[in-house]
Structure formats: structure tokens, C-alpha cells
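Summary of the model geometry
Here is how the chains run, residue by residue.
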Amino acid sequence: MSAGQFDLSQLNPDASFRGASSGEPLPAHASPTYYDRPLLKKPHWEWEVVTYLFMGGVMGGSGMLVAIADEDGDDWELARSARYLSFGLAAACPAILIKHLGRPERFLHMLRIVKFKSVMSMGVWGLVLFSLPASAAAAAQAAEDGLLPGMFRHVAPRMLVKPLQGLLGAFIAGYTGVLISATAIPAWAIGKRFIPAFSVCSGVAGACAANAAVLALTDGSERTFARLERFELAASLAELALLLGFERHAGELGKPMYAGARGAKLRTWTMGLGIAVPAILNLIPVHARWKTLLASALTLAGGYVLRETLIEAGKASADDPKAAARQPL
Amino acid sequence: MASGFFTDTTLCIGCKACEVACKQWNQLPADGYEFSGNSYDNTLALGGTTWRHVAFIEQTVPPDQPPTNNKWLMMSDVCKHCTYAGCMEACPTGAIVRNEFDDVYIQPDVCNGCGYCVPSCPFGVVDLIAHADYTVGRHFESDGRTHDDATQTTGGVAGKCTLCYDRQKVGFTPACAKACPTESIQFGDVDELRARAKKRVEQLEARGVHSYLYGVDSDSSVGDLNAFFLLTDRPGAYNLPERPVLPSTHQPAGYSSAALAAAALAVLGVVIFRHG
């Protein structure tokens, strides 16, 4: 239909704007565009935000590992590495956010208010709260390891700190996905049931990988390695299933993420080298340092590429006025 | 009292006086001299320092049709000042507030430039003020206040129409409405404007012109718009969403799927680490 043939008498205005929450699909041909100019604005997020999303996943997953690991049994080295890693990343996250914002005072603006409606406000408070048990647990661990005076052993009552670190860690691994999908960007909004879930899975897999790498470079029981490998396998296979499910669910709206060069990169680096190859490596019943380090590096790289692809796909999706005209409910 | 705009696109003549008045009053930098080739529109979109934008839609006639069928739609776009504003809900600092005139206002000294409001606006209105719009070594001033220009290197704070908050404070009409020579842009009490707009739709109908109000009595999750429009073509033709969705409506599904995944993995982890 060319513009000149548009018959005004057939215009049914109510069918367009008022179809807003009825959920009925609007006919695609009915919506003209404005010189194909973007309807939405692109997010301005660059590598800082990608890195934060990635680090938040590994940090949150490490928090969960602290809560889960059998620290009185075989996993005491894992509990130690997960505590240090949680703490290190909890210190690094605000730094990268400050880099993104431009200067330190701007981060403090986030702490003016607690706002339940804003996922970003919830996330920042989640990060601040997480850093409390993470710091306490790391201090107690450092005292245990003789790096801090013995009095610090008592700063982290286990019954309180462990569950807190696990719960807040799970929140941080997941909220980043909610933050992304609770926007007007079609490729993100359509993923509201997938993006948060695979963010958690990817975070847990990344935490298993990062901690396994630390243990491979230091020391860890064979049993711990076997457990980490199994947990990573489960989390990354769930991630793969969710990624494939999201592609099916998103259809046309998912193209910015799954089609073209971006899709090829996601398939190669996240689904292939980041999930499938480490899964095969983890299934090989050989305990070797090189194997753990290789699998870990690939898993972590895949997790980074996943976040990068998500952000870049959002930018491309914002540029598509046809998708933006009929925003997913 | 809620104040807002009624933009009647059938009265717009495309003079762009609104754009100029807005830039002048709010001391916003120029958009540059880019030629778009998209009819008379070289502004192209609203932005961090472009708070009114006149869209030009030329609907030409095929040669075998009488030229009277030719249509030229013009529409002055602006921030919609939604009842349920996506930008305001997303803002983590509380910089975006609803002021005493019921309009959505960004406090530039509170905004920290996180950029979350940008993808959270279903109309693509709000944007970060680009680095290029700051004069190097000087502060960017608008609305009588100095913007935080901390991020000379990384980008600025968010900007969008203030509905001339400062002018309203002293009882003045916003600059764009004041400058509009055809009263295509009408400013006033939103209830009054809606009543007037409904009458206008009837009046046009009687003359054989089909029109409708965009952002009035809508069942969209963004609610009614304090700045609404009278349109004669589909919203998409004006680069307006046919179905704007409030982003926060995605939160329940998002949080619950994250919680479900985390709970499932936690159970699995306990099984693997404690019984494996």
C-alpha cells in the first residue's frame, strides 16, 4: 500500500492505540513508519555496563557457592575462593559503575533513595547490601588464613552471613536480566521470561568456572572439582536451553540478537565455545589443570559475549521502528 | 490542576516556530546543519536538547489521481508527560519527578547520567545530552540551572521537555505554545484541553475529516498523556507507537523467572554439593 492510496475513511483510530493492552496482535502491514527513522532511543551502555553485568553474574554466583559449598568437608578451599572472589568483585563493581557514570559523586546519587519501582535502584541496593556479608565473610576468611588479626574471625556469624550472601548473590545474578527486559526495547521486553533466567544460569556457570580456575591454580580437592564441574554443566545446559527457547519465543523481535553477525558470534562464543565445549571437557573423566583452566576461560568468555550481545542487540532493536510501534506486552 | 499540551495536527503549518522558541527559551544548543532528505524535516527526532520536533509527512498522489488527494501532514512532537511515566519509574536517583503541575520533570542536578530512562521511554523521547552538546570547558546551562557536566568525556545527564516548568512557575505559557501562530499547540488544564479536543474531533468529523485523539481515554499501560495529539493517520505514520507499553509491567514476569531459575539452581547445588 503506497502512502497515496491510503484511504482515510478506512482509518480506525481506536483499533491502533486502544489495542494497547487487549493483547490482540496488530496487523503488521497497517503500521507505516516515519522514513524508517528509529522510534525509540538507544541505550548508551558500552563496555562498562557489559562488564558490570558479567561481573555481577560471577559475583552473585560466587555468593551462592559460598552458601552451598560444604566448607566443613571437602569444599573448604572452594568456600575460601568464593568468599575472596565475592569480595573482590563487590569492590570492583562500584568502580566500574563509577567509570560508567563519570565520577564518584554520581554513584552516590543512586543512594539518595530506595525505589522499588526502579530495577536499577533495587540492583544498586542489592549490590551495597551484598558487599556487607561479602566483606565480613572475606575478613573472617582472611583472619582464618592469617592475613588479618584473629579478632576478625568473629565478624561473620556463619548462620547469618552465609544465607544472606547466597540470597543477595542470587538476586544480583538475576536482577540484571530484569533490568534489561523491563524496558521499552522490543528485543529485550519480549525476553522478560528468558533473559532474567539465563542471566542467573550464566552467572552460576561463570562462578563455577572462575572458582574452579582459582582452585586449579591454588589447591582444591578432587571431589570439589567434580562437584563444580557437575554444577557448571547443569547451569550452562539450562542456559543453553533458555537461549534456544528465547530464540523461538522472540521470533522476528529476536532477530537483532540471533541473526546476522551478532547471532553468529553468540552461537560461536556463547553456545559453542562457552557452553558446548566446556560441557564436553567437563564430561571427560580426567582431572587436569589445563582442562579446568581451558574450560573456565571458555565459559567466562562465553558469559561476557552473552552480555555484550544482549546490549548490542538492544541497540539494534531500538533502531527498528516497526518493532517499536507494536511493543511486546 | 494538571497542565499539558493539546497538539492539534490539523492546524500545524510546519513553521517550526515551536522548535525555535523552545531552543531559545531553554538555551538549548542547535542541532547542526544536517540535510536529511526526509521532506522538510531536518530535526528528525526529539532528543536530549531537542524538546519539540515537527514531523513532515508528504503523502503524494499517483499521477492518475486528482491532486486534491494530496496530503501533507505536519505534527509537532513533544514529551508526552505520561500518567504512568516509564522514565520516571526507571530513574534510580529520583531525579525524574512529577511536579506541582503534574508534569514529568528531570532535575538536572540530581540526574547522574546512568541512562536507564532512555530505553525505558516507550515513545523514545528522553535521551542523554551528547558530549558534543557541551561546549568544552564550559557548563551546559538550561532551565536556569547549570547541568552537571562531569562527564565531558563520557556523556551527560538526561534531557527532555520540562513543559517550561520555569515559565509555568510564574504563570507564563510554555514557549512552544506561546510561539505557535495557529494554535496547533494549545496549553492549559488537561481536562479542559480534552473537552476542547473532543469537540474538535466532532467538528472535523462534520466536515468529513476523520481524526482521533492519541493519548486520551486510552487503555495503554502508560495511561492518558498530559501532552496528547489529534491525528489523522495511524500513529506509526508520525513515528508514534501504536501500542506503547509501560516497561515496569514486565517486572513481575522478570523477577519471578529470575527467582525460579535461582531457586532451581540452588536446590540442584545443594544436592550436588551436600549429597554428591
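Keep in mind the model is a prediction, meaning the values are calculated, not measured.

Definitions and cut-offs
Starting from 1, residues in each chain are numbered consecutively following that chain's sequence as written. All chains are assigned letters beginning at A, and all ligands numbers beginning at 1, according to the order in which they are written. With pLDDT at 70 or above as the cut-off, local features in this predicted model cover only qualifying residues; side-chain atom pairs require 80 or more to be listed or tallied, and sums for whole chains, interfaces and linings still use all residues. In this text, helices come from DSSP runs of H or I with a minimum length of four residues, and strands from runs of E with a minimum of two, each type numbered from the N-terminal end. Take the number of residues in a helix, subtract one, and multiply by 1.5 Å to get its expected span. Partly exposed residues are those falling between the two cut-offs: more than 12 but fewer than 20 other C-beta atoms within 10 Å of their own, whereas 20 or more means buried and 12 or fewer means exposed, with C-beta atoms placed from the backbone. Orientation is described by lines fitted to C-alpha atoms, with helices fitted over the stretch in contact, and by angles between N-to-C directions that extend from 0 to 180 degrees. The labels follow the angle: roughly parallel below 35 degrees, roughly antiparallel above 145, roughly perpendicular from 65 to 115, and oblique for the rest. Definitions for this section: a left-handed crossing has its near helix turned counterclockwise from the far helix by less than a right angle. A right-handed crossing has that turn clockwise. Amino acid classes used here: Ala, Val, Leu, Ile, Met, Phe, Trp, Tyr, Cys and Pro are nonpolar; Asp, Glu, Lys and Arg are charged; the rest, including Gly, are polar. Residues enter a nonpolar core if they are buried, belong to Ala, Val, Leu, Ile, Met, Phe, Trp, Tyr or Cys, and are joined to the set through C-beta atoms within 7 Å. Domains are outlined according to an automatic or database domain assignment. By the convention adopted here, residues make contact when the C-beta atoms placed from their backbones lie within 7 Å. Summary of the metric used: pLDDT quantifies the predictor's per-residue confidence within the range 0 to 100. Pairs of strands are assigned from DSSP output, requiring at least two bridges between the strands.

**Quick notes on helix 8 (residues 195-217) of chain A**
In a regular helix each residue adds 1.5 Å, so 23 residues correspond to 33 Å; helix 8 of chain A covers 32 Å between its end C-alpha atoms and thus fits that length. Here helix 8 of chain A lies mainly inside the structure; 22 of its 23 residues are buried.

**Things to note about unusual backbone geometry**
Residue and element names in this part refer to chain B. We note that lysine 16 has phi near 65°; this positive angle belongs to a residue other than glycine. As for its position among the elements, lysine 16 is in the loop between strand 1 (3-8) and helix 1 (17-25). Overall, the presence of 22 C-beta atoms within 10 Å leaves lysine 16 in the buried class. Even without being a glycine, aspartate 217 presents a positive backbone phi close to 50°.

**Description of the packing of helix 2 (residues 47-68) of chain A against helix 3 (residues 76-101) of chain A**
Residues and elements named next belong to chain A. It is the contact of helix 2 with helix 3, at a shortest axis distance of 8 Å, that shows an interaxial angle of 155°. Judged by the inter-axis angle, helix 2 sits roughly antiparallel to helix 3. Relative to helix 3, the crossing made by helix 2 is left-handed. When grouped by side-chain class, the residues that make up the contact of helix 2 with helix 3 number 17 nonpolar, 6 polar and 3 charged.

**A short note on the nonpolar core**
Counting 186 residues, the largest nonpolar core has Val200, Cys201 and Val204 of chain A together with Cys87 and Cys117 of chain B as the members making the most contacts within it. In terms of residue count, helix 8 of chain A provides more of this core than any other element does, 16 residues in total. Looking at which domains feed residues into this core, each of domain 1 (3-245) and domain 2 (246-276) of chain B gives three or more. Every residue in contact with cysteine 117 of chain B, bar those within four places of it in the chain, is listed here: Cys87, Ala90, Cys91, Ile96, Val126 and Ala158 of chain B.

**Notes on the confidence of the model for chain B**
It should be kept in mind that the predicted coordinates are not to be read in detail where pLDDT is low. With 90% of its residues at a pLDDT of 70 or more, chain B shows a mean pLDDT of 89. Prediction confidence for the complex, expressed as pTM and ipTM, is 0.91 and 0.91 respectively.

**Details of the interface of chain A and chain B**
Contacts between chain A and chain B engage 82 residues on the former and 77 residues on the latter. Here the side of chain A that touches chain B gets 7 residues from one element, more than from any other, and that element is helix 6 (residues 158-181) of chain A. Looking at the side of chain A that touches chain B, its residues break down into 48 nonpolar, 18 polar and 16 charged.

**Focus: the pairing of strand 1 of chain B**
Residue and element names in this part refer to chain B. Of all the 6 residues making up strand 1, 6 are buried; the element is thus mostly covered by neighbouring parts of the structure. With burial as the criterion, each face of strand 1 is covered, one bearing Ser3, Phe5 and Thr7 and the other bearing Gly4, Phe6 and Asp8. In terms of strand pairing, strand 1 meets strand 10 (residues 185-189) through 5 bridges, oriented antiparallel. Bridge pairing in strand 10 places phenylalanine 6 opposite glutamine 186. As paired strands, strand 1 and strand 12 (residues 227-231) are joined by 4 bridges and run parallel to one another. By the bridge assignment for strand 12, phenylalanine 6 is matched with phenylalanine 228.

**Digging into the domain arrangement of chain B**
Residue and element names in this part refer to chain B. Each assigned domain of chain B is listed here: domain 1 (3-245) and domain 2 (246-276). Facing the 9 residues of domain 1 at the interface are 4 residues of domain 2. When residues of the side of domain 1 that touches domain 2 are assigned to their parent elements, the largest contribution, 3 residues, is made by helix 2 (residues 86-90).

**A short note on the sheet that holds strand 1 of chain B**
Residue and element names in this part refer to chain B. Read across the sheet, 4 strands follow the order 10-1-12-11 without closing on themselves; strand pairing throughout is mixed. Of all strands in the sheet, those with a lone pairing partner are strand 10 and strand 11 (212-214), marking the two edges. Across this sheet, the average inter-strand angle for adjacent strands is 25°, counted without regard to direction. When strand 11 meets strand 12, the two strands line up antiparallel, connected through 3 bridges. In the strand pairing of strand 12, tyrosine 214 is matched with phenylalanine 229.

**Side note on the packing of helix 6 of chain A against helix 7 (residues 251-275) of chain B**
Relative orientation of the contacting elements helix 6 of chain A and helix 7 of chain B amounts to 150°, with a least axis distance of 9 Å. The angle between helix 6 of chain A and helix 7 of chain B places the two elements in the roughly antiparallel class. Note on packing geometry: the crossing formed by helix 6 of chain A with helix 7 of chain B is right-handed. The residues of helix 7 of chain B that touch helix 6 of chain A, namely those facing Ala170, Ala173, Gly174, Tyr175, Gly177, Val178 and Ser181 of chain A, are Gln251, Gly254, Tyr255, Ala258, Ala261, Ala262 and Ala266 of chain B. Class assignment for the residues of the contact of helix 6 of chain A with helix 7 of chain B results in 9 nonpolar, 5 polar and no charged.

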